[in-house]
Amino acid sequence: DAKTTQPPSMDCAEGRAANLPCNHSTISGNEYVYWYRQIHSQGPQYIIHGLKNNETNEMASLIITEDRKSSTLILPHATLRDTAVYYCIVSQGGSEKLVFGKGMKLTVNP
Amino acid sequence: DTGVSQDPRHKITKRGQNVTFRCDPISEHNRLYWYRQTLGQGPEFLTYFQNEAQLEKSRLLSDRFSAERPKGSFSTLEIQRTEQGDSAMYLCASSLDGGGYTFGSGTRLTVV
């Protein structure tokens, strides 16, 4: 079973920041938070992952709370092409497989 | 290298027929994963390989399913005696030592 909870859907205006929440209250100390997204009819795409510290790459920023029980994925300037299902996953990485939940549908509106 | 390739993209088969899908991972990736995805659900894990060794299989992988990765390069997933419930998107992903996965575009199977 997935160890994360995400709202089923969210809307965002084009050009605005999209803040995607995720709860993972049972996360253990050696588990990472991963984010993937899936655009219709394509395979999931890796976005970012982190353990404790906030992370940023060319796609997004990941903010993890100090107690690590929740995190937020930030798309700083959402575009229509960011419309997708976003998956928040906790995993030890390494040999442990990724377990996907249902994810959250983000719709970016013009 | 253009990423993870899956073939075919679409497959329509009659119930009871056997089907085989192929996945070509990123060449330097040692891990290869198969997932299945039905409409409205997230991908469900089926099995994974480290090099040529199949290290884990899900309970979803019934006796009718078999996966191979000869020589630790490409992989095949075969479904024997297909059933309508096998209709789904079959996704392949690869990674280097469990890092971020790169997924292929999937093979959509329709059993009629």
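S.K.: What's the story with the sheet that holds strand β4 (residues 45–50) of chain A in this structure? I'm lost.
M.R.: All names here are of chain A. Across the sheet, five strands lie side by side as β1-β9-β8-β3-β4; this open sheet has mixed pairing. Strand pairing shows two members of the sheet lacking a second neighbour, β1 (9–13) and β4, which therefore form its edges. Each adjacent strand pair in this sheet contributes to an overall mean axis angle of 25°, direction not counted. Looking at chain direction, strand β3 (residues 32–38) and β4 are connected through five bridges and run antiparallel. Paired with Val 33 across the bridge in β4 is Gly 50.

S.K.: How do you make sense of the nonpolar core when you look at a structure like this?
M.R.: In globular proteins that are soluble, nonpolar side chains generally tend to be buried together. Among the nonpolar cores identified, the biggest contains 22 residues, and Leu20(A), Trp35(A), Leu73(A), Tyr86(A) and Leu106(A) are the most heavily contacted of them. At the level of elements, β2 (18–23), β3, β4, β6 (61–64), β7 (70–75), β8 (84–91) and β9 (104–109) of chain A are the ones that each hand at least two residues to this core. Considering every element that reaches this core, the biggest residue donor is β8(A), with four residues. If sequence neighbours within four positions are ignored, Leu20(A) has contacts with Trp35(A), Ser71(A), Thr72(A), Leu73(A), Tyr86(A), Met104(A) and Leu106(A). Core analysis: the second largest hydrophobic core is formed by 19 residues, Leu46(B), Leu61(B), Ile79(B) and Leu109(B) among them.

S.K.: Would you mind going over the pairing of strand β9 (residues 88–95) of chain B with me for this structure?
M.R.: Side chains on a regular strand alternate between the two faces of the sheet. All names here are of chain B. Here β9 lies mainly inside the structure; eight of its eight residues are buried. Because side chains alternate across β9, one face comprises the buried residues Ala 88, Tyr 90, Cys 92 and Ser 94, and the other comprises Met 89, Leu 91, Ala 93 and Ser 95, equally buried. Alignment of strand β4 (residues 31–37) against β9, held across seven bridges, turns out to be antiparallel. Pairing of Tyr 33 across the sheet is with Ala 93, part of β9. Pairing analysis gives three bridges linking β9 to strand β11 (residues 107–111), with the strands arranged antiparallel.

S.K.: Please clarify how the interface of chain A and chain B should be interpreted in this entry.
M.R.: Accessible area lost upon the coming together of the parts serves often as the stated size of an interface. Taken residue by residue, the interface counts 18 residues in chain A and 20 residues in chain B. Summing both sides of the interface, chain A and chain B together bury roughly 1400 Å²; the carbon and sulfur share of this comes to 50%. When the buried surface of chain A facing chain B is broken down by residue, Pro44(A), Lys97(A) and Phe100(A) rank first, second and third, together holding 32% of it. Joining chain A to chain B, the criterion identifies one salt bridge. A salt bridge links Lys97(A) to Glu56(B), with the shortest nitrogen-to-oxygen separation between them at 2.7 Å. One can count six residue pairs in polar contact (both at pLDDT 80 or more) joining chain A with chain B. Broken down by element, the side of chain A that touches chain B gets its largest block of residues, three residues, from β3(A).

S.K.: Before we go on, may I ask you to explain unusual backbone geometry in this structure?
M.R.: A negative phi holds for most residues other than glycine; trans holds for most peptide bonds. For the bond from Asp7(B) to Pro8(B), the omega torsion is -5°, close enough to zero to count as cis. Among the secondary structure elements, Pro8(B) is positioned in the loop between β1 (5–7) and β2 (10–13). Of note, Arg68(A) is a non-glycine position whose phi angle comes to about 65°, a positive value. Note on placement: Arg68(A) falls in the loop between β6 and β7. For Arg68(A), a relative accessible area of 9% corresponds to the buried category.

S.K.: What is the right way to look at the packing of aromatic side chains in this model?
M.R.: Any pair of aromatic rings gets described here by the distance separating the centres and the angle formed by the planes. Per the counting criterion, the structure on display carries 15 aromatic pairs over all chains. Ring geometry for Tyr32(A) and Tyr34(A): centres 6.3 Å apart, planes at 50°, overall tilted. Judged by its relative accessible area of 29%, Tyr32(A) is partly exposed. For Tyr34(A), a relative accessible area of 4% puts it in the buried group. Ring centres 6.0 Å apart and planes at 75° place the aromatic pair Phe100(A) and Phe103(B) in the edge-to-face group.

Rules used in this analysis
Residues numbered from 1 in each chain as written. Chains lettered and ligands numbered in written order. Predicted model: local features only at pLDDT ≥ 70, side-chain atom pairs only at ≥ 80, totals over all residues. Heavy atoms only, no water. Pairing = 2+ DSSP bridges. Helix = DSSP H or I, 4+ residues; strand = E, 2+ residues; numbered from the N terminus. Axes fitted to C-alpha atoms, helices over the stretch in contact; angles between N-to-C directions. Core = buried A, V, L, I, M, F, W, Y, C linked by side-chain atoms within 4.5 Å. Buried < 20%, exposed > 50% of the residue type's maximum accessible area, 1.4 Å probe, protein only. Contact = heavy atoms within 4.5 Å. Buried area = accessible area lost by both parts, 1.4 Å probe. Salt bridge = Lys/Arg side-chain N within 4 Å of Asp/Glu carboxyl O. Polar contact = N/O pair within 3.5 Å; in protein donor to acceptor, adjacent residues only side chain to side chain. Phe/Tyr/Trp six-rings, centres within 6.5 Å; stacked < 30°, edge-to-face > 60°.

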